Amino acid sequence: MKKLCKDCKTRFDIPINDLEDGAPFNCPECGLEYTVVYEGVKPTLVESKKIEMDDEDFELDEDEDYN
């Protein structure tokens, strides 16, 4: 499968059938991360969303066991 990078517009090959659902794959030129997503039986590659949290905005619940 060929993919056109959203950021740098580089076209690159992806061994999509060799990758599992949820597997990351980076653009070889700029490093933008994509994730393999299976919609039915057809795998696709979507841009990974980067989640950024400020330490002050993130609070753990004292009663929750995170281990």
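Residues numbered from 1 in each chain as written. Predicted model: local features only at pLDDT ≥ 70, side-chain atom pairs only at ≥ 80, totals over all residues. Heavy atoms only, no water.

Side note on the overall build of the protein chain
Counting its regular elements, the protein chain contains 0 helices and 5 strands. Along the protein chain, from the amino end to the carboxyl end, the secondary structure elements read β-β-β-β-β. For the protein chain, the residues scored as buried account for 25% of the 67 residues in total. Looking at the protein chain alone, contacts between residues at least 24 apart form 18% of all its contacts between residues at least 6 apart. With the model as given, the accessible surface of the protein chain reaches about 5700 Å², and the carbon-plus-sulfur share is 45%. (Helix = DSSP H or I, 4+ residues; strand = E, 2+ residues; numbered from the N terminus. Buried < 20%, exposed > 50% of the residue type's maximum accessible area, 1.4 Å probe, protein only. Contact = heavy atoms within 4.5 Å. Areas by Shrake-Rupley, 256 points an atom, 1.4 Å probe, with all protein chains shown as cover.)

As for the side chain of S48
Note that S48 resides in the segment after β5 (42–47). Looking at S48, its side chain comes within polar contact range of the main-chain oxygen of Y34, at 3.5 Å. Once you skip the residues sitting within four places of it in the chain, S48 turns out to touch E33, Y34 and T35. (Polar contact = N/O pair within 3.5 Å; in protein donor to acceptor, adjacent residues only side chain to side chain.)

Concerning the environment of C30
Structurally, C30 is set in the loop between β3 (24–26) and β4 (33–39). C-alpha separation for the pair C30 and C5, spaced 25 residues apart in sequence, amounts to 8.6 Å. Among residues more than four places away in sequence, those in contact with C30 are C5, D7 and C8.

Description of the pairing of β4
Summarising the sheet, β3 and β4 pair through 3 bridges and their orientation is antiparallel. Across the sheet, the residue bridging to N26 is E33, located in β4. Two successive antiparallel strands, β3 and β4, enclose a turn made up of 6 residues, where G31 displays a positive phi of approximately 85°. With 6 bridges joining them, β4 and β5 adopt antiparallel strand pairing. Note on β5: the bridge partner recorded for V36 is L45. Between the end of β4 and the start of β5, which pair antiparallel, lie 2 residues, with G40 showing a positive phi angle near 75°. (Pairing = 2+ DSSP bridges.)

Some thoughts on the sheet that holds β4
Pairing is antiparallel in the open sheet, where 3 strands are placed in the order β3-β4-β5. In this open sheet, the two edge strands, each paired with only one partner strand, are β3 and β5. Going from strand to strand, the sheet's axes swing by 40° on average, the running direction of each strand aside. (Axes fitted to C-alpha atoms, helices over the stretch in contact; angles between N-to-C directions.)

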